[in-house]
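# Breakdown of the fold
Here's the letter readout for the chains.
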Amino acid sequence: MASGRLAIAATATFLGILGTVACSASSGESALAGDAPPTAAAGSAPAHAPGRIGAPGIGDPDFPTDGNGGYDVDRYRLKVDYDPATKHLSGVTGIEARATQDLAKFNLDLRGFEVSRITVDGSPAGFERFKDELVVAPAKTISDKARFTVEVTYAGEPDPVRGSSNLGTYGFIPTEDGAFVACEPNGAKTWFPSNDHPADKARYDFEITVPEGLTALANGELVGRPRSARGKTTFVWRESHPMVSYLATATLGKFELRQGRTATGIPNLAAVDPRYRAALDDLYTQSAKATDYWTTVFGPYPFSSTGGVIDDFSAGYALENQTKPMYGGFTPDGSIIAHELAHQWFGNSLSIKRWRDLWLNEGFATYAEWLWSEHNGESTVEKTFRSHYAAGPDAAIWKYAPGRAKPEDLFNSSVYNRGGMTLHALRQRIGDPVFFKLLKTWNAEHKYGYVTTEEFVALAEKLSGKQLDKLFEAWLFTDRKPTEW
Ligand SMILES: [Zn+2]
């Protein structure tokens, strides 16, 4: 993610949003009465037996109710029909998952909407709502390690997350002609029931239906031609590589497109709201150049296509949605495009398991901006580093340890700039050949997987043969200006 104004305020009260949830009781046959699943087989264990109830959070201590425990999602099959005129969304989400424990109940994350029906392995399941938790009680307990499918039918007006001050509004955001969909850190639940935390990657199929004349853009590539019938058009997209939930998008509306390939042959799609028509060619060209350049620095491009989307919602930020970074209401300069495309390696292919490690995404993407600037003969990385390092000892950047991003101030500029400076300090310590080998090895070893700071430090020490714990401690984990490199 990057701020369009390159100034990220540091005053969020992020946890505040957890209080502003929709809570609607389910109705009809599938509502749960009391604690026990009404359709559970007689003689099954009590509903609250330890080990049979999936946890309401995936285990991120800073975001305790994000994601869920007890299963791993393999694939989402999202069917969404959205009409901008009425702001009505009706959806059917199919989930293919594997249990990691016995499950008499498990949770999904969903904000708002009326849920009309849930099935598990084709049989109707009970369910109840509690804030953004959708608790599902299958007719039969799911056994540990079993594969199972869930289908959730729901409808209503999307309710994006608002008022988190250093994030603005995120999630499925209705616009005049459609919707702008950018979900970091936990806004997937504003448009589909999900295991909404980066620690559960999955593959995605999208089937998005919009009024004829509009375009729906999702991750990955278009499957077949859009089909129109009765005044509506359905776009089918598929992201066949693992993806975290906050990167999923279904941005839709009026768009002008330019399609082709980068110089090295990667399919490239740029799309702009007609208000940004003048920026289309530059978005296309810059996205192609940055993608190709990063393959020389970070290693092979991890996905099957690249590109970018400018929509007319004034988000004030950009988000690195997998294969299709999204720019919210501004014309991005080359630096922001380079930042979002660097995230395809750092954040998207290599993903964090817990939000406190966010510098592994943002510090690297910020460092990529500095590399991009030097590549284009604008400023050297050393100069950029020096200009940030010039901040006096009492500056805010030294008071926020970027290696432990704070949940109430996740996108603090220290996570970006001091994170980037950490990499430059490391580079000076281990030298260019080892540093750039480290960037490529890091990507190759963890492609499509998860990463932690501890793993990065261990790999840097292994490749350099140097003891680096003091350097990383000073740059990532102290609230003082570092002098170590
Ligand atoms: Zn970013």
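In case you missed it, the structure is sitting above this.
Since the structure is predicted, the reported quantities are computational estimates derived from the model, not experimental observations.

### Comments concerning the overall build of the protein chain
Regarding its fold elements, the protein chain presents 9 helices and 25 strands. Of the contacts formed within the protein chain by residues at least 6 apart in sequence, a portion of 69% connects residues at least 24 apart. When the accessible surface of the protein chain is split by element, carbon and sulfur atoms take 51% of a total near 18,100 Å².

### Remarks on the pairing of strand 7 (residues 126-130)
Two elements, strand 7 and strand 8 (residues 133-137), share 5 bridges in a ladder whose sense is antiparallel. Note on strand 8: the bridge partner recorded for Glu128 is Val135. Connecting the antiparallel pair strand 7 and strand 8 is a turn made up of 2 residues, with Lys131 showing a positive phi of about 50 degrees.

### Description of the coordination of the zinc ion
Coordination sphere of the zinc ion, protein contribution only: Met1 (N), Met1 (O), His339 (NE2), His343 (NE2) and Glu362 (OE), at 2.0 to 2.3 Å. Sequence spacing of the donor residues for the zinc ion, all on one chain, is M-x337-H-x3-H-x18-E. Placement of the pair is Met1 in the segment before strand 1 (2-3) and His339 in helix 2 (residues 334-342), with a sequence separation of 338 residues.

### Describing unusual backbone geometry
Cis geometry marks the peptide bond from Glu184 to Pro185, where omega comes out at 5 degrees. Located in the positive-phi region is Phe113, a residue other than glycine, with phi close to 70 degrees. Exposure remark for Phe113: the relative accessible area of 7% places this residue in the buried category. Phi is positive for Thr323, close to 70 degrees, though the residue is something other than glycine. Within the secondary structure, Thr323 is located in the loop between strand 22 (317-319) and strand 23 (326-328).

### Things to note about the sheet that holds strand 8
Paired through their backbone hydrogen bonds, the strands of a sheet run either parallel or antiparallel. Spatial strand order, 4-8-7: 3 strands in an open sheet with antiparallel pairing. This sheet does not close on itself; its edge strands, each paired only once, are strand 4 (106-109) and strand 7. Across the sheet, the mean angle separating the axes of adjacent strands is 25 degrees when strand polarity is ignored.

### Focus on the environment of Tyr301
With respect to the element layout, Tyr301 can be found in the loop between helix 1 (280-298) and strand 21 (306-311). A relative accessible area of 10% means that Tyr301 is categorised as buried. For the pair formed by Tyr301 and Gln344, sequence separation is 43 residues and the distance between their alpha carbons is 7.9 Å. Apart from the residues lying within four places of it in its own chain, the contact partners of Tyr301 are Ile266, Thr291, Thr295, Thr306, Thr323, Gln344 and Trp345. Here Ser305 takes part through its backbone oxygen, which lies 2.8 Å from a polar atom of the side chain of Tyr301.

### Looking at the packing of aromatic side chains
In the structure shown here, the tally under the stated rule is 39 aromatic pairs. When the centroid spacing of 6.3 Å and the interplanar angle of 40 degrees are considered together, the rings of Phe303 and Tyr448 count as tilted. Note that Phe303 is positioned in the loop between helix 1 and strand 21 and Tyr448 in the loop between helix 7 (432-446) and strand 25 (450-451), a separation of 145 residues in sequence. Lys201 extends its terminal NZ or CZ atom over the ring of Tyr450, reaching a point 5.5 Å from the ring centre.

### So, the packing of helix 3 (residues 359-375) against helix 4 (residues 381-389)
The description of two packed helices rests on the angle between their axes and on the distance between the axes. The geometry of helix 3 relative to helix 4 is characterised by a closest axis approach of 8 Å and an angle of 130 degrees between their N-to-C directions. Accordingly, the angle class assigned to the pair helix 3 and helix 4 is oblique. For the pair helix 3 and helix 4, contact is made by Tyr367, Trp370, Leu371 and Glu374 and by Val381, Glu382, Thr384 and His388, respectively. Looking at the contact of helix 3 with helix 4 residue by residue, the class counts come to 4 nonpolar, 2 polar and 2 charged.

### A word on the pairing of strand 8
Burial of strand 8 is extensive: 5 of the 5 residues sit out of reach of the surface. With burial as the criterion, each face of strand 8 is covered, one bearing Glu133, Val135 and Ala137 and the other bearing Leu134 and Val136. Across 4 bridges, the pairing between strand 4 and strand 8 is antiparallel. When the sheet's bridge partners are listed, Asn107 is paired in strand 8 with Val135.

### Considerations on the pattern of salt bridges
In this structure the tally under the stated criterion is 19 salt bridges. Its salt-bridge partner being Arg52, residue Asp102 comes within 3.9 Å of it at the nearest N-O pair. Highlighted residues: Asp102 in the loop between strand 3 (88-99) and strand 4 and Arg52 in the loop between strand 1 and strand 2 (71-83), separated in sequence by 50 residues. Two residues, Arg98 and Asp72, come together in a salt bridge whose shortest N-O distance is 3.8 Å. With Arg98 in strand 3 and Asp72 in strand 2, this pair connects stretches of sequence that are 26 residues apart.

### Looking at helix 8 (residues 453-464)
Look at helix 8: 16 Å from first C-alpha to last across 12 residues, which is about the 16 Å you get at 1.5 Å a residue. Among the residues of helix 8, Thr453, Phe456, Val457, Leu459, Ala460 and Ser464 are the ones counted as buried. Looking straight down helix 8, one finds its buried side chains confined to an arc of 165 degrees; they lie on one side. Among the exposed residues of helix 8, those oriented more than 90 degrees off its buried face are Glu454 and Lys462.

Cut-offs and rules
Residues numbered from 1 in each chain as written. Predicted model: local features only at pLDDT ≥ 70, side-chain atom pairs only at ≥ 80, totals over all residues. Heavy atoms only, no water. Helix = DSSP H or I, 4+ residues; strand = E, 2+ residues; numbered from the N terminus. Contact = heavy atoms within 4.5 Å. Areas by Shrake-Rupley, 256 points an atom, 1.4 Å probe, with all protein chains shown as cover. Pairing = 2+ DSSP bridges. Donors = N, O, S within 2.8 Å, 3.2 Å for Na, K, Ca; no water. Buried < 20%, exposed > 50% of the residue type's maximum accessible area, 1.4 Å probe, protein only. Axes fitted to C-alpha atoms, helices over the stretch in contact; angles between N-to-C directions. Polar contact = N/O pair within 3.5 Å; in protein donor to acceptor, adjacent residues only side chain to side chain. Phe/Tyr/Trp six-rings, centres within 6.5 Å; stacked < 30°, edge-to-face > 60°. Lys NZ or Arg CZ within 6 Å of the ring centre and 35° of its normal. Parallel < 35°, antiparallel > 145°, perpendicular 65-115°, else oblique. Nonpolar A, V, L, I, M, F, W, Y, C, P; charged D, E, K, R; others polar. Salt bridge = Lys/Arg side-chain N within 4 Å of Asp/Glu carboxyl O. Expected span 1.5 Å × (residues − 1). Arc of directions from axis to C-beta.

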